[in-house]
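Next come the chains, spelled out residue by residue.
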Amino acid sequence: PALRHRGSQHKSRYPRYMMHLYRSVKSAGGVAAAAATAGQAEDNPVLKESNSVLSLVAKSCHQIGDKWSVTFDMSSISADDDVQLSELRFRLPSFSASKRVTVEIFHSREQECAEESDSQPCQDRLFLGSFSASPADTNSSWKIFNVTALLKYWLHQGESFEVPEEEHKERLEQGQQHKHHANSTKSSSERKVYHKTVDRVMMVVFSKHNHSREETGMPTLIHTVEHSKYITLDKVGDQSGRRQKRNRNEQERVKLAGNVGSTAPTPESPKSPLCRKVDMWVDFDQIGWNQWIVHPKRYNAFRCEGECPCPVDETFNPTNHAYMQSLVKLYHPDKVPSISCVPSRLGPLSMLYYENGELVLRHHEEMMVEECGCH
């Protein structure tokens, strides 16, 4: 599962909930089982499909009387992923003691949000929706609210996401109420109180990550790395910045920002042709099988040969393990061997032959190389 964290300005700290969930995943063997141990209902059917858990620490949180406003950076949530469950979590004494509250949720991509003053408020905030709740009704230190429908509605606005008509009207009314409230806040005599958010206010999103290897042509790990804000891309031989066809001299290389910086070693230049599929004809007459195999007498099984570059990229269909091994090989050449060019996809072959004196036609899997990769 892809356990991703984003939103905290304190890079050395991680949400305790996510650390607990991660340990549960390792021991329970899956997101659904781990979620059950971390507080979700064990029989929750939607969690069985989840393979990704994203935690977002609120960028800002303030209250004006019984109205609470929470802002997140939602840009790391993809509309392509199938959100199974989204929870808004509070652990604030003043929030827990409230008998009745209205919570408004916003999205903002601004780098900084004010926490102690109004001098630099979040700019260009988008209103996602709001809901009313009674925090004091629960005894848990964490007050947890299901905002799955709210998040899905925001992600799929203008698309074919189906929302009941009553809920749609309710959201329109909420939007009008929010605008009215925003216009009247300035004249309110109630004081705006800001609250710390780290380990106190967060959103947890369980989803089914749909960027499969078949759809994207690359392992999830490489896709994640290439789109991470902590990674820089070094395009060898592409000074103009234009995307060109990859070959042995022009390949997109990944450097680990911060750890290697400008001192990263130069990518290896393969001495022989890169990993590819080549012919390998199998003649059953030559291996002594001609007496019992009727057809085919000869076929091209293909094989894989060539060098695998370091670091390898998605062109060579590497496994996540092979990708990591190629990075270790790049920075520590003596630590591990190079990854190998091997079949990554095999195709079937139908054969007509005698078996126990009877002629049979069988469809045998994995008889021919269809694709080579670096594993």
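How each quantity is defined
Each chain has its residues counted from 1, following the order in which its sequence is written. Totals for whole chains, interfaces and linings use every residue, but because this is a predicted model, local features are given only for residues with pLDDT of at least 70 and side-chain atom pairs only at 80 or more, for both listing and counting. Only hydrogens and water are removed before side-chain values are computed, so all heavy atoms of the structure are retained for them. UniProt positions are given in the numbering used here, feature names are shortened, and annotations may be inferred rather than shown by experiment. The disulfide criterion is simple: two cysteine sulfur atoms within 2.5 Å. Strands are runs of DSSP state E lasting at least 2 residues, helices are runs of H or I lasting at least 4, and numbering of each runs from the N terminus. Exposure categories follow from relative accessible area, calculated using a 1.4 Å probe and restricted to protein chains: below 20% of the type maximum is buried, above 50% is exposed, and the middle band is partly exposed. Between any two strands, pairing holds if DSSP finds at least two bridges. For helices, the fitted line uses only the C-alpha atoms of the stretch in contact; every axis is such a line through C-alpha atoms, and the angle between N-to-C directions lies from 0 to 180 degrees. The contact criterion used throughout is that any non-hydrogen atoms of two residues lie within 4.5 Å. Here, patches come from residues exposed beyond 30% relative accessible area and free of salt bridges, joined within 9 Å for like charges and within 5 Å for nonpolar side chains (Val, Leu, Ile, Met, Phe, Trp, Tyr). Residue burial considers only the protein chains on display, and all accessible areas are found by Shrake-Rupley using a 1.4 Å probe. By convention in these notes, a salt bridge is any Lys or Arg side-chain nitrogen within 4 Å of a carboxyl oxygen on Asp or Glu.

By the naming in an unreviewed UniProt entry, the chain goes by Nodal homolog 2-A-like and is assigned to Lepisosteus oculatus. We quote the UniProt Subcellular location (unreviewed entry) comment for the chain here in full: "Secreted". Quoted verbatim from the Sequence similarities (unreviewed entry) field of UniProt, the annotation for the chain is "Belongs to the TGF-beta family."

Help me understand the state of the cysteines, please; the structure alone is not making it clear to me.
What we call a disulfide is simply a covalent bond connecting the sulfur atoms of a pair of cysteines. Taken as a whole, this structure holds three disulfides when the rule is applied. There is a disulfide in this structure between Cys304 and Cys372, and the S-S distance comes to 2.0 Å. Residues Cys304 and Cys372 are joined by a disulfide whose S-S torsion is about -90°; by sign, that bridge is left-handed. Of the two residues, Cys304 sits in strand E17 (residues 303-305) while Cys372 sits in strand E19 (residues 358-374), which places them 68 residues apart along the sequence. For the residue pair Cys304 and Cys372, the accessibility class agrees, reading buried in each case. Between Cys308 and Cys374 runs a disulfide, and the two sulfur atoms are separated by 2.1 Å. Torsion about the S-S bond of the Cys308 and Cys374 cystine: about -95°, corresponding to left-handed handedness. Note that Cys308 is positioned in the loop between E17 and helix H8 (320-331) and Cys374 in strand E19, a separation of 66 residues in sequence. Residue Cys310 stays outside any disulfide, its sulfur separated by 8.0 Å from that of Cys308, the closest cysteine.

Whenever I open this one, the sheet that holds strand E9 (residues 192-194) confuses me. Can you help?
Strand pairing in a sheet relies on backbone hydrogen bonds, with the paired strands running either antiparallel or parallel. Pairing is mixed across the open sheet formed by five strands, whose spatial order is E7-E6-E4-E3-E9. With one partner strand each, in any of the chains shown, strand E7 (126-133) and E9 form the two edges of the open sheet. Shown here is a sheet whose adjacent strand axes are inclined to one another by a mean of 20°, direction ignored. Most of the contacts of helix H4 (residues 148-155) go to E7, to which it runs at about 165°, and overall it touches strand E6 (101-107) and E7.

I tried to follow the environment of Val57 on my own but got confused; where do I start?
Tracing the sequence through the fold places Val57 in strand E2 (residues 52-57). Between the C-alpha atom of Val57 and that of Phe72, which follows or precedes it by 15 residues, the distance is 7.0 Å.

It is not clear to me how the sheet that holds strand E15 (residues 293-295) should be interpreted in this structure. Could you clarify?
One open sheet accounts for three strands, arranged E15-E18-E19; its pairing is antiparallel. With one partner strand each, in any of the chains shown, E15 and E19 form the two edges of the open sheet. Going from strand to strand, the sheet's axes swing by 45° on average, the running direction of each strand aside. With two bridges connecting them, E15 and strand E18 (residues 341-355) associate as antiparallel partners. The partner of Ile293 across the bridge, within E18, is Tyr353.

Mind showing me how you'd approach a nonpolar patch on the surface here?
On the surface, a nonpolar cluster with roughly 560 Å² of combined accessible area is contributed by Ile287, Trp289, Trp292, Val294, Tyr354 and Leu359. The topology assignment puts Trp292 in the loop between strand E14 (281-283) and E15. By relative accessible area, which is 34% here, Trp292 ends up partly exposed.

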